[in-house]
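Structure at a glance
Below, each chain spelled out in residue letters.
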Amino acid sequence: MKTINSSEFEAEVLQSGKVVLDFYSTECPPCEALASKFEDLSLLYGNDVKFLKIFRQGNRELADKLGVKSSPTLLFFDNGKEVGERLTGGVKRIDIIRNLDNLLPAEKVKSIKSQIKHSVSEFDVIILGAGPGGLTAGLYLCQSKVNTVLIDIALPGGHVSTTHEVSNYPGFIEPQAGYMLSHNMSEQTKLCGTIYKVAVDITRVDLEKKEVIIDEYETVKAKKIIIATGTTPNLTGAPGEKELKGKGISYCATCDAKYFDGKEAVVIGGGNSAVEESEYITRFASKLTIVHQFDKFTANKQAQDKVFNNPKINILFENEPRSFTRDGDKIITEIENVKTKVKQKLLSDGVFIFIGMKPNIDLFRDKLELDKWGYIKTNEDMKTSVDGVFAVGDVISKKYRQITTAVADGTIAAMAIAKELD
Ligand SMILES: Cc1cc2nc3c(=O)[nH]c(=O)nc-3n(C[C@H](O)[C@H](O)[C@H](O)COP(=O)(O)OP(=O)(O)OC[C@H]3O[C@@H](n4cnc5c(N)ncnc54)[C@H](O)[C@@H]3O)c2cc1C
C-alpha cells in the first residue's frame, strides 16, 4: 500500500494496470472506518491490484477534476480507465471485494479467496448497534473495564447523526446539531477503549452461542450480547415509493433538505418527526405541504404551533398517499381524502416520508420474545428472554423512544452486565 500525490497520479494510476485509489481526509470517521479494511484487503489482493491512498484536502484540484465530492471515495482503475462503482461514505468490505473481484480473472479470485483465513476474536460483551443506546452501554462497560466490542452495519451515531437539531438532550443550553452530538458520544466511548467494528455486513447472529459472524470471515464471540439495533423508517407501501427512494423520495431531512433551496416539498406524516422536520425543511424549501391521514397531528403542541404559524406550510389533513410517480424533475404524489374519497395530485420537487418506525430485529426475530408490534420484551435490567442477551433503546418494547431513554437503557444494561461479570 502506498500514499501518492497528484503529480504521481499519471504514472501510478493511469499508466498502471489494476489500481484501487482511496481519496481520504483527516477528521473523517468513515475514512477511519475504511482504513483498516483497506489495509487488510491490500494484504490479500496486493499482488494483483495496486492499493493507493491520496489525501483529498492536499490534492483538491485532482479530486475536483475526477469529480470526487466526499471522503472517503474509492475509485477502481483497469489500465488507466476507471471501472466498477465509486464507493463512498460508510464503505463496506463486501462492496470493495466485489469491485476487486471484477478486476481479476475468475481463477485468480478463487485462489485469493482460498487464502482468506476465518478469524475469531473474543470479548466479554458484543454490542450490536452504535446509536445512543449502544454507545452509552459501551461507555459504561468500558469504564467498568469490561472488554467490549461495538458492531454496527453503518457508522456510529444511529438516528441522532441524521437529526438536524436536538434541543432536548440535557446538558446543552443551545440546541445541538445531531451529527455533533452523536460524534461526541461516539468519540467518548471510543477514547475509553471500546473496540469498533463498523460499516460491516452481519452474516449471522447466534444469540445462544453469543457469536456474531461479520463480513463472512470473522467470528466475534462474547459472554453477553446487547442488542441496540434501533428502528428503520416505515414505508407507505404506495406504488412508486420503492422505485423513487433516494431519487426524489427521502426519509431523512438532515440529509436531503439542503437540496431544496427555493423548491417545493411534500411531507407525509403527522407525528413529532414529520412536524419537526417539516419546520426544518422550510429553512430551504419555498413551499411545503404536509399530508396526514388523521384530522389532527399527534406531534407535541410546541412543534404543532410552529408549523401552524409557518406561512410556507400548507396542511392537508385526512389524506393518504396513493402513488408516487416522476414527471421530469418533479414528483407527483397522488393523495386521496379518506372521508370524501376525492383524489388530487401534488406536484413537488421531492417527498419526505415520516410515518413511524419498525424495529431492526430481522437477524434474531425467531429467537426472542416480542410484543405485538415486534419490539423486544425486556425486564427492568434490560434482559431479554434469551439468557445473557440484553436489549436497549428504540428496539425494545416501551412507550417513549428518545435519546435520553435509549441512553438510560444502555446505562442499565451495562451496569447489570458489569455486576454479573464481576
Ligand atoms: C428524524 C428523527 C428525529 C429525532 N429527534 C429526536 C430529538 O430531537 N430528541 C430525541 O431525544 N430523540 C429524537 N429522535 C429519536 C432518537 O433518535 C432515538 O430514540 C434514538 O436514536 C434511539 O437510539 P438507539 O441507540 O436505540 O437506536 P438508533 O439511534 O436507531 O441506532 C441504532 C444503530 O443500530 C445499527 N443497526 C441496525 N441494525 C443493525 C444490525 N443488524 N446489526 C448491527 N447494527 C445495526 C444502526 O446502523 C444504528 O447505528 C429522533 C428520531 C428521528 C428518526
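Higher on the page you've got the structure.
As a starting point, this report considers the structure included with it.

What counts and how
Residues numbered from 1 in each chain as written. Predicted model: local features only at pLDDT ≥ 70, side-chain atom pairs only at ≥ 80, totals over all residues. Heavy atoms only, no water. Helix = DSSP H or I, 4+ residues; strand = E, 2+ residues; numbered from the N terminus. Rg over C-alpha atoms; globule rule 2.2 N^0.38 Å. Buried < 20%, exposed > 50% of the residue type's maximum accessible area, 1.4 Å probe, protein only. Contact = heavy atoms within 4.5 Å. Areas by Shrake-Rupley, 256 points an atom, 1.4 Å probe, with all protein chains shown as cover. Lys, Arg positive; Asp, Glu negative; His and termini not counted. Charge placed at Lys NZ, Arg CZ, Asp CG, Glu CD. Expected span 1.5 Å × (residues − 1). Arc of directions from axis to C-beta. Disulfide = S-S within 2.5 Å. Polar contact = N/O pair within 3.5 Å; in protein donor to acceptor, adjacent residues only side chain to side chain. Core = buried A, V, L, I, M, F, W, Y, C linked by side-chain atoms within 4.5 Å. Phe/Tyr/Trp six-rings, centres within 6.5 Å; stacked < 30°, edge-to-face > 60°.

1. Notes on the overall build of the protein
Summing up its helical and strand segments, the protein has 12 helices and 26 strands in all. Computed over its C-alpha atoms, the radius of gyration of the protein comes to 24 Å, within 12% of the 22 Å expected for a compact globule of 422 residues. Judged by the C-alpha coordinates and their principal axes, the protein covers about 70 × 60 × 40 Å. Expressed as a percentage of the 422 residues in the protein, the buried residues total 50%. Considering only residue pairs separated by 6 or more positions, the protein has 62% of its internal contacts joining residues 24 or more positions apart. Roughly 21,000 Å² of accessible area belongs to the protein as shown, and the carbon and sulfur atoms make up 49% of that amount. Placing the 55 positive and 58 negative side-chain charges of the protein at their respective mean positions leaves the two points 2 Å apart.

2. Quick notes on the side chain of Asp-101
Its place among the elements puts Asp-101 in helix α4 (residues 93-103). Excluding residues within four positions of it along the chain, Asp-101 makes contact with Tyr-45, Val-109 and Lys-113.

3. Section: helix α7 (residues 178-192)
Taking 1.5 Å per residue, 15 residues should reach 21 Å; α7 reaches 22 Å between its end C-alpha atoms and fits that length. Gly-178, Leu-181, Ser-182, Met-185, Ser-186 and Thr-189 are the residues of α7 that are buried. Seen end-on, α7 carries its buried residues on one side only, within an arc spanning 125°. More than 90 degrees from the buried face of α7, the exposed residues found are Tyr-179 and Leu-191. Where the residues of α7 are buried, they touch α6 (132-143), β8 (148-152), β9 (165-166), β10 (176-177), β11 (195-198) and α12 (403-421). Phi turns positive, to about 125°, at Gly-193, one or two residues after α7.

4. Some words on the state of the cysteines
As used here, a disulfide is simply a covalent bond connecting the sulfur atoms of two cysteines. All told, the structure shown has one disulfide when counted by the stated rule. Across the disulfide from Cys-142 sits Cys-192; the S-S distance is 2.0 Å. Residues Cys-142 and Cys-192 are joined by a disulfide whose S-S torsion is about -105°; by sign, that bridge is left-handed. In this pair, Cys-142 sits in helix α6 while Cys-192 sits in helix α7, placing the two residues 50 residues apart along the sequence.

5. Topic: the side chain of Glu-218
With respect to the helices and strands, the residue Glu-218 is situated in strand β14 (residues 218-221). Exposure remark for Glu-218: the relative accessible area of 19% places this residue in the buried category. Among the polar contacts listed, one links the side chain of Glu-218 to the side chain of Lys-197, at a separation of 2.7 Å. Each residue touching Glu-218, except ones within four places of it in the same chain, is listed here: His-118, Ser-119, Ser-121, Lys-197, Val-212 and Ile-213.

6. Examining the nonpolar core
One finds Ile-126, Leu-128, Ile-151, Leu-207, Val-212, Ile-226 and Ile-227 to be the most contacted residues of the largest nonpolar core, which totals 52 residues. With seven residues, α12 is the single largest residue contributor to this core. Once residues within four sequence positions are removed from consideration, Leu-207 is found in contact with Ile-225, Ile-227, Phe-364, Lys-367, Leu-368, Val-386 and Val-389.

7. Concerning the environment of Lys-190
Along the chain, Lys-190 falls in helix α7. C-alpha separation for the pair Lys-190 and Ile-4, spaced 186 residues apart in sequence, amounts to 29 Å. Filtering out sequence-adjacent residues up to four positions away, Lys-190 remains in contact with Glu-32 and Tyr-196.

8. Regarding the packing of aromatic side chains
Between two aromatic rings, the relevant description is the distance of the centres plus the angle of the planes. On inspection of all chains with the given rule, the structure shows nine aromatic pairs. On the numbers, 6.0 Å between centres and 80° between planes, the contact of Phe-9 with Phe-77 is edge-to-face. One end of the pair, Phe-9, is in helix α1 (residues 6-14); the other, Phe-77, is in strand β4 (residues 73-78), and 68 residues separate them in sequence. For the pair Phe-9 and Phe-77, one class covers both residues: buried. Consider the rings of Phe-260 and Phe-352, whose centres lie 5.2 Å apart with planes at 55°: the pair is tilted. Of this pair, Phe-260 sits in the loop between α9 (253-256) and β18 (264-268) while Phe-352 sits in strand β24 (residues 350-353), placing them 92 residues apart in sequence. Taking the relative accessible area as the measure of exposure, Phe-260 reaches 8% and is therefore buried.

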